[in-house]
Amino acid sequence: MGYVTVSGNSILQRATTLILIFPTGFDLGGQVAIGISHWKSPFPPRRHPLCDSPDGVRSEASAATAPHLPEYQEPVSCPASLSINPISSHCSASQETISDSILKDVKLLMESLEGLSTPSKDGDSTLLDPGTSSILDDNTRTDPAPEVRGRSRSSGLCFSDGKCHIDYILVYRKSGPQSEKREIFERNIRAEGLQMEKELSVCNSDVIFLKLHAPWEVLCRYAELMNIRMPFRRKIYYMHRRYKFMSRMEKRINRFRGWLPRKPMKFDNNTLPDLEENESFTAPFSRSRIHHFTIHNKDTFFNNATRSRIVHHILQRVKYEEGKDKMGLNRLLSNSSYEAAFPLHEGSYRSKNSIRTHGAENHRHLLYECWAWWGVWYKYQPLDLIRRYFGEKIGLYFAWLGWYTGMLFPAALVGLMVFLYGWFTLDHCQVSKEICQATDIIMCPICDEYCPYLRLSDSCIYAKVTHLFDNGATVFFAVFMAVWATVFLEFWKRRRAVLAYDWDLIDWEEEEEEIRPQFEAKYSKKERMNPISGKPEPYQAFTDKYSRLIVSASGIFFMILVVIAAVFGIVIYRVITVSTFAAFGWALIRNNSQVATTGTAVCINFCIIMLLNVLYEKVALLLTNLEQPRTESEWENSFTLKMFLFQFVNLNSSTFYIAFFLGRFTGRPGAYIRLINRWKLEECHPSGCLIDLCMQMGIIMVLKQTWNNFMELGYPLIQNWWTRRRLRQEHGPNAKASFPQWERDYNLQPMNAYGLFDEYLEMILQFGFTTIFVAAFPLAPLLALLNNIIEIRLDAYKFVTQWRRPLPSQAKDIGIWYGILEGIGILSVITNAFVIAVTSDFIPRLVYAYKYGPCAGQGRAGERCMMGYVNASLSMFRVSDFENTSVPRTDGSDTFGEAVKYCRYRDYREPPDSPGEPYSYTLQFWHVLAARLAFIIVFEHMVFTIKNLIAYLIPDLPKDLRDRMRREKYLIQEMMYEAELERLQKEKNEKKKNYRAHHNWE
C-alpha cells in the first residue's frame, strides 16, 4: 500500500507541520467495501468558532467531518431492488482524483484556519437568497460536477453542494418567538454531528428552512444505540420434506393453474420488476461487526425512512435550554419555536415518461403508480414498499385495512345471498301473501286524531321489503357473521405475526417513553425513582390520579346523557311529525306518513351526530388532559377510548332505540302510554319494526361513509388547490414546478394531529355497523366492502400526494384498536340475538308454526304451516273504547262505505267481548316471550362456544412461520460464527504475511 505525503508552508506559519498520510490503495473486492479512511483534523471540531455560533451555517458541515474525502469513487445509485432511475433519490459524489481531493483538503484547512478570527454573528447573515447557487462557502466541500448541481437544485433533495442528502426539514420564521432556545438547540444539533444548511423560502422571506443531514458516522452510532436491524445475508428458504403423493398432487395443480389466466390482482413483475425488497437475514447493527453487514453503498445502506427516523431520534434528545428535561423537538414545536418539522418526499409523484418503459423516478412515483393511482384499484397493496417509504406503523394500518377488506368478500357474498334468497322466495312467503290479500282487515290509526283507518293490504310493499331482510336465512347469517368476526380477528393475528417477522418486528420493543411536558410541569415537585431507568422522575400521587379519573368518568357519563337527550329529542320529533305528515296536503306524504317520518328523522339524526362529534372531540381532549397521562402512549390510549366511546354511542344510540324500544312500550288502543302525558309514543309499522331499522342503518351508513370520504380527500384537495392558486397569482403559472422539494412539501397539508386515529376510528365504527345489527341489514358487509375498496385508494392518494411525508415510525400491532374490535365482536353476538328474538318476527312465526298453526304438534314448520299467522298475530279493538284524545276525525265511512266499529292492532290480547278480562294478554303472548328468552340464551351460548373453540383451534403463529423463525435463529448463529472465524483467519494470515515481510526486510 502506497502513501502520499503533502506539506504546506502556509500551514507551518499557523500551526505545526501537517503530514497527510492517505491510503492510495484499498480492496473493493471483499464482501464489505467500507471505503477510504477519513482524514483526522488536528484541531477539535467543536472548538471551531463557526460551529459554536448558532447560525454559522456556512461551516458546520466541515465541522462535523471536515475535511471530508469522498467515500466512493463511483456515482451513488438507487438500491438494486428497485427499478428506479438514480435521479432525486440520492445525491452523487464528485468525480475527482485522490491527489486533487488532497490538495483541496489542504486548501480547506488553510482557509478555515484563517477564518478563525472572524466568527459569524448575525443569525441569518449566511442565508441563501433564492437566486443564488449555494449558501455554503466554496471551500466547505469539493464542488460537484455541473450536471449534479443542476440536478440537485431542481430536485431539492440535497444540500446546495449536491452531495449531502437532506434527511429532515425544520421550518421557522424570523419573526417567531423563542429565538434563543432555537439557537441553543441548533448549536447542540451540530454538536451531535448533524450537518445543517439554511435557506430562505421562495414564497415568504420570513420563512426559513433548516435542512439536516446525518453523516455515515452519526447514522452508524445511533443505529447501534437504537438497535436497528440491518441486512447481512440473503435468506435461504428451508423446504419441508413432503410426501410423494403431495408432490404429485402439487404438480397436477400447477399444471391446471398453467391453463388459467394470470391472477389480475397481483403485480406483473415483468412490467414493474422488484417491487419488494430482497429478503435478507437481519441483525441489530453493530459498528464492531460492521464487516458482517452487506454494505454495497453507504449512501443507500440506510434507506430514507431509517435516516429520517434516526435524525428524529436525535432531535428528540437534544437540549434547547439548561435543565435536565428541557429537550426535544416536540416541545419546541408546541411553543412555536419551529413551525413545522417533516422528512422530505422523494421528489414528484408524476413523471412525463411511462413507468413501464422508463422505470420509476423515485419511491414516491412508484407508490403512486402501483398503489395510489385509481387505475390499480383491483391490485394488491405493495405493503413492503409502503413500509419502506412510510414506516411500519402506517404499513400495518394499510395491511390491516387490506386484510379487513379482503375478509369482507365472503361476508358480503353471504349477505347478498341472504338478500337474494329473500327475493326469490318472495312469491312463496305465506305471511306477505296474507298481508297483501287482507283487504278486509282494518288497522287502527297509528297516531292521534289525524291518522285514518287503513287496510292491512296497504302495507303490502313494506311486508315484501321486510321479507328481503327477515327470512329463514337471517339466523344463519347472524351466526355466520359472529363466527366471521372471530375468524377475522384470529387470522389477523397470524397475518400480523407474518408481517412482524418479515419486517423485523418480532424482537422489537418500544423504548422507554419520555414523560409528557405537561405531566412534568404539573408534578415536578414530587419525584420517585423509575424502576426501569433508575432515574428520579415526577410522580403523581395515588389519590390525585384516581380523583382525576373519577372526574373524567363523570364527564364521560354526562356526555352519554347528552347523547340520550339528543335521542329523546328525535323521539319527540317522530311523535309530533307523524301526525303532521298524516294531515299533509300532498297525498304521497299523507299515505306514507310513517316512512316520511322515519326518513326525515334519520337525516336529522345524522346532522346531530356530525355536530356532536365536533363537541365530543373537544370534550375528550379536555378530559384526557385533565387526567394528566404520564406518557404520550398513555395519552393516546385514553383519548382513543373516549373518542370511540363517544362516537360509538352517538352513532348507534338511535339505532338501539329503533331496534329494541320502538313500538315496545306504546301500550294499546284505548290505553296508550304517553310522553309527558301528551304525546303518544310511536308505533311500529303494521308490517313490523324491522323496516325502520333497515332504513336507519342504510341511510346512516351511506351518508356517513360519503361524508367521511369527502372530508378525508376533499378537504386536503381544496386546501392544496387554494395554496396553488395563491402561488400562481403571486409567482406565475409555472412557479410551483421550479420550487425545491422542501418548498413543495411545506405547501402540502400536514398529517392529522392525532396520526392514524381518524382512519382507524372510521373503520372501527364501520366494523360495528357491519357486525352489530347485521341480522337486520344483511347488505351492510356489501356496502362496507364497496366503501373500503374506495377507501384504500383514497387514503393512499392522500398519503402520497396531498400530505407531507409523515415521520416513519415502528409498531408491532394496531394497538388498543384490537381490544376494541374484540369488544365489538362480543357485543355483536348479544345484539344480533336480541334483534332476531325481539325485533324480527322469527320467534313469533316459529311458535305459531309449532304450537298454534295447521302443523301444530307435527314437529315441522314450512310455508303451509304459516297459514293464518297474520290473523293470529293481530288483536281486536272496539272503536268506542278510544280515549277522547285518540278518536280519529273520520269514522272511516268515506273509505270503507260504513263507519268502522272494530279495528285490529299488532299484539296478543283478548278481544273486547272476552268472558275473561278484556284486552289482557293471551297465552300465546307468554309462549312467545318465553321462546324469545330461551332463544337469546341458547343463541348466545352456542355462538360464544363456537367463537372460543375457533379462537382456541387457530394458533396465533402459523406453523411454517414458527419453523422459519427457528431455522433463521439457527442460521444466524452459524453465519455469525463462520464470519467471525473468517475474520480471525484473515487477521492471522495478515500477521503471518507481515511477519515474513519483516524478516525479509532484515
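Definitions and limits used
Residues numbered from 1 in each chain as written. Predicted model: local features only at pLDDT ≥ 70, side-chain atom pairs only at ≥ 80, totals over all residues. Heavy atoms only, no water. UniProt positions renumbered as here; feature names shortened; annotations may be inferred. Salt bridge = Lys/Arg side-chain N within 4 Å of Asp/Glu carboxyl O. Helix = DSSP H or I, 4+ residues; strand = E, 2+ residues; numbered from the N terminus. Buried < 20%, exposed > 50% of the residue type's maximum accessible area, 1.4 Å probe, protein only. Disulfide = S-S within 2.5 Å. Axes fitted to C-alpha atoms, helices over the stretch in contact; angles between N-to-C directions. Parallel < 35°, antiparallel > 145°, perpendicular 65-115°, else oblique. Left-handed = near helix turned anticlockwise from the far one by under 90°. Contact = heavy atoms within 4.5 Å. Nonpolar A, V, L, I, M, F, W, Y, C, P; charged D, E, K, R; others polar. Pairing = 2+ DSSP bridges.

You'll find the protein entered in an unreviewed UniProt entry as Anoctamin, with Oncorhynchus kisutch given as the organism. UniProt annotates the protein under Sequence similarities (unreviewed entry) with the comment "Belongs to the anoctamin family."

The next point concerns the pattern of salt bridges. Scanning the entire structure with this criterion turns up 20 salt bridges. As a salt-bridge pair, R173 and E339 come within 2.5 Å of each other at their nearest N and O atoms. Highlighted residues: R173 in strand β3 (residues 168-173) and E339 in the loop between α11 (329-334) and β8 (340-342), separated in sequence by 166 residues. What makes E339 partly exposed here is its relative accessible area of 38%. With a shortest N-O distance of 2.9 Å, D907 and R909 are connected by a salt bridge. Connected through salt bridges with shared partners, the residues R173, D206 and E339 form a single ionic network.

Next up on the list: the state of the cysteines. Two cysteines, two sulfur atoms, one covalent bond between them: this is a disulfide. Summed over the entire model, instances satisfying the criterion amount to 3 disulfides. Note that C444 is cross-linked by a disulfide to C903, the S-S spacing being 1.9 Å. Disulfide C444-C903: torsion about the S-S bond near 85 degrees, hence right-handed. Within this pair, whereas C444 is found in the loop between β9 (442-443) and β10 (454-455), its partner C903 is found in strand β18 (residues 902-906), the two being separated by 459 residues in sequence. Overall, the relative accessible area of 8% leaves C444 in the buried class.

Attention now goes to the packing of helix α18 (residues 474-502) against helix α33 (residues 923-953). For the pair α18 and α33, the least separation of the axes is 9 Å and the interaxial angle reads 30 degrees. The angle between α18 and α33 falls in the class roughly parallel. Note on packing geometry: the crossing formed by α18 with α33 is right-handed. Where α18 approaches α33, its residues V475, A478, V479, A482, V483, T486, V487 and E490 are matched on the opposing element by F935, F939, M942, V943, I946, K947, I950 and A951. A breakdown of the residues in the contact of α18 with α33 according to their chemical character gives 13 nonpolar, 1 polar and 2 charged.

With antiparallel pairing, 4 strands are arranged side by side in an open sheet as β4-β5-β3-β8. Pairing within the sheet leaves two strands with one partner each, and these edge strands are β4 (195-200) and β8. Each strand axis lies, on average, 20 degrees off the axis of its neighbour in the sheet, ignoring direction. Bridge analysis of β4 against strand β5 (residues 207-213) gives 6 bridges, and the strand direction is antiparallel. Bridging across to β5, E199 finds its partner in F209. Of the strands in this sheet, β3, β4 and β5 touch helix α6 (residues 179-191), which is tilted by about 160 degrees from β3. Of the strands in this sheet, β3 and β5 are in contact with helix α10 (residues 304-315), which crosses β3 at around 45 degrees.

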